[in-house]
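# Topology and contacts: notes
Listed here are the chains, written in short residue letters.
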Amino acid sequence: MIKGRNSDSYQLYTDGAARGNPGPAGAGAYICRPDGDVVAEIALYLGETTNNVAEYQALLAGLRRLVELKAREVCIFADSQLMVRQIEGQYRVKHPNLKPLFEEALALLKKIPHYTIGHIDREQNFEADRLANQAIDER
């Protein structure tokens, strides 16, 4: 976790949801400061897609906003172990639908000087999960 209180330090929580796989899907991104102040809540309806695509779309939505905010330090938390391990370089991206999303994520991450990414349990990812499901519910 980033301990700094710089005005350009953030925490990003992301989650994707699909009801069916594939099925109606949503992406949620929750951005806050290290002290917990909420910066942004993003809920995007994605149409019919898979949960893995939804996970990446949530990450991309959060990263785009952070680049707009000129973030310099970001701690990223996600409950998709597959996506986290792929971003870390531990797993290869094999599925052709995920490759362009993965590449876009890496390109956005290059615009953020300092970041970490880590896997968290679903229970710790309540806000992003809420936003992803809200996107599906409100479509």
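Right, let's walk through the structure included here. (Residues numbered from 1 in each chain as written. Predicted model: local features only at pLDDT ≥ 70, side-chain atom pairs only at ≥ 80, totals over all residues. Heavy atoms only, no water.)

### Let's talk about the packing of helix H1 (residues 51-68) against helix H3 (residues 99-109)
We apply this condition: Between N-to-C directions, angles cover 0 to 180 degrees, with each direction set by a line fitted to C-alpha atoms, over the stretch in contact for helices. Only DSSP runs of H or I covering at least 4 residues are called helices, and only runs of E covering at least 2 are called strands; the numbering of each starts at the N terminus. Throughout this description, any angle smaller than 35 degrees is read as roughly parallel, any larger than 145 degrees as roughly antiparallel, any in the 65 to 115 degree range as roughly perpendicular, and the remainder as oblique. Crossing handedness: left-handed means the near helix sits turned counterclockwise from the far one by under a right angle, and right-handed means the same turn made clockwise. In what follows, residue pairs with any heavy atoms lying within 4.5 Å of each other are defined as contacts. Note that Gly is not counted as nonpolar here; it falls among the polar residues with everything else outside the nonpolar set of Ala, Val, Leu, Ile, Met, Phe, Trp, Tyr, Cys and Pro and the charged set of Asp, Glu, Lys and Arg.
Relative to each other, H1 and H3 sit at 20°, their axes nearing to 10 Å. The angle between H1 and H3 places the two elements in the roughly parallel class. For H1 against H3, the interelement crossing comes out left-handed. Here Val53, Tyr56, Gln57, Leu59, Leu60, Leu63, Arg64 and Val67 of H1 lie close against H3, whose contacting residues are Leu101, Phe102, Glu104, Ala105, Leu108 and Leu109. Residue composition of the contact of H1 with H3, by class: 11 nonpolar, 1 polar and 2 charged.

### Describing the pattern of salt bridges
Any two side chains of opposite charge can pair if their charged atoms end up close together. Inclusion rule: We define a salt bridge as a contact between a side-chain nitrogen of Lys or Arg and a carboxyl oxygen of Asp or Glu at a distance within 4 Å. We call a residue buried when its accessible area falls under 20% of the maximum for its residue type, exposed when it is over 50%, and partly exposed in between, using a 1.4 Å probe and counting protein chains only.
Following the criterion strictly, the structure yields 8 salt bridges and no others. Two residues, Glu88 and Arg85, come together in a salt bridge whose shortest N-O distance is 3.2 Å. Taken together, the residues span about one helical turn, with Glu88 and Arg85 both in helix H2 (residues 81-88) at a distance of 3 residues. A relative accessible area of 18% means that Arg85 is categorised as buried. Residues participating in the shared-partner salt-bridge network are Glu41, Glu127 and Arg130.

### Description of the environment of Arg19
Among the secondary structure elements, Arg19 is positioned in the loop between strand S1 (9-18) and strand S2 (23-32). Residue Arg19 is classed as partly exposed on the basis of its relative accessible area, which comes to 40%. For the pair Arg19 and Glu104, spaced 85 residues apart in the sequence, the C-alpha separation amounts to 25 Å. Apart from the residues lying within four places of it in its own chain, the contact partners of Arg19 are Pro24, Asn133, Ile136 and Asp137.

### Side note on the sheet that holds strand S3 (residues 38-49)
Put simply, the rule reads: We treat two strands as partners when DSSP finds at least two bridges between them.
The sheet built from 5 strands is open, its strands ordered S3-S2-S1-S4-S5 with mixed pairing. Two strands bound the open sheet, and with one partner strand each, they are S3 and strand S5 (114-119). Across the sheet, the mean angle separating the axes of adjacent strands is 15° when strand polarity is ignored. Note that strand S4 (residues 73-78) and S5 share 6 bridges and pair parallel. Note on S5: the bridge partner recorded for Phe77 is Gly118. Contacting S1, S4 and S5, H2 runs over the sheet at an angle of about 145° to S5. Strands S1, S2 and S3 of the sheet are contacted by helix H4 (residues 126-137), whose axis makes an angle of about 140° with S2.

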